[in-house]
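Next come the chains, spelled out residue by residue.
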Amino acid sequence: MRVALVIPGFQSDENDWCIPAFTNLARELSASVDLDVFALRYPQRRDDYNIGRVKVHAIGAGAILGLRPFGISLLKLWSDFADVFRNEHTASPFAAVIGIWATEAGWLATRSAQELRIPSLVHLAGGEVVSSPYIQYGNRGQGRAGRMVQETLNRADLLTVPSDPVMRALYRMRGVSLSLIDARTKRWSLGVDTNMFTPTEKPRDSDRPFTFVTVGSLIRVKGHRLLIASFDRLRTALKHDFNARLRIVGSGPLRPTLEQLIKEYELEGYVTLEGDVPHEKLPLLFSECDAFLLGSFYEAQCMAVLEAMSCGLPWIAPLVGCIPDVARSDVGETPTGLIFDARKPSFVASAMRSMMELDPAERRRWGLHARERVLRGYELRRQTERLLALLSALET
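A few points on the structure. Model, not experiment: these values are computed from the prediction.

One pass over the full model with this rule turns up 26 salt bridges. Here D48 ties to R46 by a salt bridge, and the two come within 3.5 Å at their closest N and O atoms. For R46, a relative accessible area of 42% translates into the label partly exposed. Residue D80 pairs with K76 through a salt bridge whose shortest N-O separation is 2.7 Å. Remark: K76 and D80 occur in helix α2 (residues 72–91); sequence separation between them is four residues, near one turn of the helix. Its relative accessible area of 28% is what places K76 among the partly exposed residues.

With that out of the way, let us pick up α2. Over its 20 residues, α2 extends 29 Å from the first C-alpha to the last, a length consistent with the 28 Å expected when each residue adds 1.5 Å. Buried within α2 we find S73, L74, L77, W78, D80, F81, A82, V84, F85, E88 and H89. Buried residues along α2 sit in contact with β1 (2–9), β2 (34–42), β4 (54–58), β5 (96–100), α3 (104–116) and α4 (143–155).

Below, the discussion takes up unusual backbone geometry. With omega at 0 degrees, the peptide bond leading from Y42 into P43 counts as cis. Along the polypeptide, P43 turns up in the loop between β2 and β3 (47–51). Although it is not a glycine, W101 sits at a positive phi angle of roughly 75 degrees. Note on placement: W101 falls in the loop between β5 and α3. You will see that R117, though not glycine, has its phi angle at about 60 degrees, which is positive.

To continue, consider the pairing of β4. Most of β4 sits out of view: four of its five residues are buried. Both β2 and β4 contribute to a ladder of four bridges, which runs parallel. By the bridge assignment, D36 is partnered in β4 with K55. Examined bridge by bridge, β3 and β4 share five bridges and lie antiparallel to one another. Considered in β4, the bridge of Y49 is made with V56. Taken together, β3 and the strand that follows it, β4, pair antiparallel across an intervening segment of two residues, in which G52 is found at a positive phi of about 60 degrees.

On to the environment of I323, then. Secondary-structure assignment places I323 in helix α11 (residues 323–327). Residue I323 is classed as buried on the basis of its relative accessible area of 0%. Put simply, I323 and R204 are 119 residues apart on the chain and 26 Å apart in space, counted from C-alpha to C-alpha. Residue contacts for I323: discarding those within four places in its chain leaves L294, V305, W315, A317, P318 and I339.

Looking now at the packing of aromatic side chains. This model, assessed by the stated rule, comprises 14 aromatic pairs. Considering the side-chain rings of F38 and F85, the 5.2 Å spacing of their centres and the 50 degrees angle between planes classify their relative orientation as tilted. In this pair, F38 is assigned in strand β2 and F85 in helix α2, connecting sequence segments 47 residues apart. Here F38 matches F85 in class, with each residue buried. Here Y137 and Y298 contribute two aromatic rings whose centre-to-centre distance is 5.7 Å and whose plane-to-plane angle is 45 degrees, an arrangement assigned as tilted. Within this pair, whereas Y137 is found in strand β8 (residues 137–138), its partner Y298 is found in the loop between β14 (291–293) and α10 (303–310), the two being separated by 161 residues in sequence. Since its relative accessible area comes to 23%, Y137 is described here as partly exposed. Accessibility expressed as a relative area gives 12% for Y298, which makes it buried. Grouped by ring-pair contacts, the aromatic residues F38, F81, F85 and F94 constitute a single cluster.

All right, on to the sheet that holds strand β15 (residues 315–317) then. Strand pairing in a sheet takes place through backbone hydrogen bonds and is either antiparallel or parallel in direction. Taking strand neighbours across the sheet as the criterion, the six strands line up as β13-β12-β11-β14-β15-β16 in an open arrangement whose pairing is parallel. Edge strands, defined here as strands with exactly one partner in the open sheet, are β13 (271–273) and β16 (337–339). When strand polarity is set aside, the average angle formed by the axes of neighbouring strands in this sheet is 20 degrees. Summarising the sheet, strand β12 (residues 244–249) and β13 pair through three bridges and their orientation is parallel. Within β13, the residue paired with R247 across the bridge is T272. Where α10 meets the sheet, it contacts β11 (210–215), β14 and β15, and its direction lies at approximately 175 degrees from that of β14.

Ordered in space as β3-β4-β2-β1-β5-β6-β9-β10, the eight strands form an open sheet in which the pairing is mixed. The open sheet is flanked by β3 and β10 (185–187), the only strands paired with a single partner. Looking at each pair of strands side by side, their axes are set apart by 25 degrees on average, direction ignored. With four bridges joining them, β5 and strand β6 (residues 120–123) adopt parallel strand pairing. Residue pairing for β6: I98 is matched across the bridge by L121. On the sheet, α3 packs against β1, β2, β5 and β6 and is oriented at approximately 160 degrees with respect to β5. The sheet strands contacting helix α14 (residues 380–395) are β1, β5, β6, β9 (158–161) and β10, and the helix crosses β6 at an angle near 145 degrees.

Attention now moves to the nonpolar core. Core analysis: the biggest nonpolar cluster contains 59 residues, and F286 and F292 have the highest contact counts within it. Once residues within four sequence positions are removed from consideration, F286 is found in contact with F197, V213, V215, F292, A304, E307, A308, C311 and L313. If you look at the next biggest cluster of nonpolar residues, it comprises 32 residues, including I248, L254, A291 and F340.

Calculation notes
- Residues numbered from 1 in each chain as written.
- Predicted model: local features only at pLDDT ≥ 70, side-chain atom pairs only at ≥ 80, totals over all residues.
- Heavy atoms only, no water.
- Salt bridge = Lys/Arg side-chain N within 4 Å of Asp/Glu carboxyl O.
- Buried < 20%, exposed > 50% of the residue type's maximum accessible area, 1.4 Å probe, protein only.
- Helix = DSSP H or I, 4+ residues; strand = E, 2+ residues; numbered from the N terminus.
- Expected span 1.5 Å × (residues − 1).
- Contact = heavy atoms within 4.5 Å.
- Pairing = 2+ DSSP bridges.
- Phe/Tyr/Trp six-rings, centres within 6.5 Å; stacked < 30°, edge-to-face > 60°.
- Axes fitted to C-alpha atoms, helices over the stretch in contact; angles between N-to-C directions.
- Core = buried A, V, L, I, M, F, W, Y, C linked by side-chain atoms within 4.5 Å.

In structure tokens form, the structure reads like this:
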């Protein structure tokens, strides 16, 4: 079976993780199908190349003599993609096409699929079905992007959603019939490489401060301001017993703002902005920490939490993305983390204090159960097999 995957960006070479979850997915898919990846905007060159068994078509973001004039380059990008896709399908037909995000990539994937009579699957992986002007996030009803989402949702033969919050938001979409959603929507989540993200065997250094870690781009939707304010509230509550650190991993436009906030709270040395960490080095980072902290206003799935859980870290988070799913437990079952119900520093600080005051052996039990939860519901190979089953059903 030959499958096409249309995505905004993909690896430019063997050493480029780009979007790690989709790098892993492509690698696993290519073990079972002939996989062609169509990368629309990254890398920013027109090129065809192979990464392992994956054939990559970099469309080049619509460049014209190295430039991207507004409007013209957009039309060129769409035209270039349609030509390359059509030529590849003519040479050797695709059995199915996958669009990642229901914005531009999903829109182009479903258009070409409809034209060439190929079944299409679109995975909702971000803010396609939400809109929050306060945090400047989401595509629902937002001009051209909003129209693309609506058209994509109506055209796709199958939609996959990674979490309950995304499913609920999908049902609130205007211009898409509920009966269509019911008939064409399945739950499916991206998988975690549990061989890479695995607990360390080395014992915790008892002299090390209790360390929280969060991983994510420094943008408003990730809620870093709340985490820093909450950490300051925790310091105030613990007073002389305070011995904790917060490591913030990621880069983005809010870094200067967060640096200033750390100074205002006089948290230098307690809160560190560590920039980007290579994906393969995240397991080592997690081994140096005690709990994962999430402040996001919205997540479609939240791979960072799942990867930390796979390394044996308990978590503190609001009810976004996968958190409602991983927080569910039977009576008497060991928890995997703590939920804060209100986005207030006092609530988050209280959860942080509770995590710190857990008996170390109990906290380790939470972390081990967190890994078990990932192995049961998010392991990469198993999730890839589930996707292959959905594609096979589409083909028939």
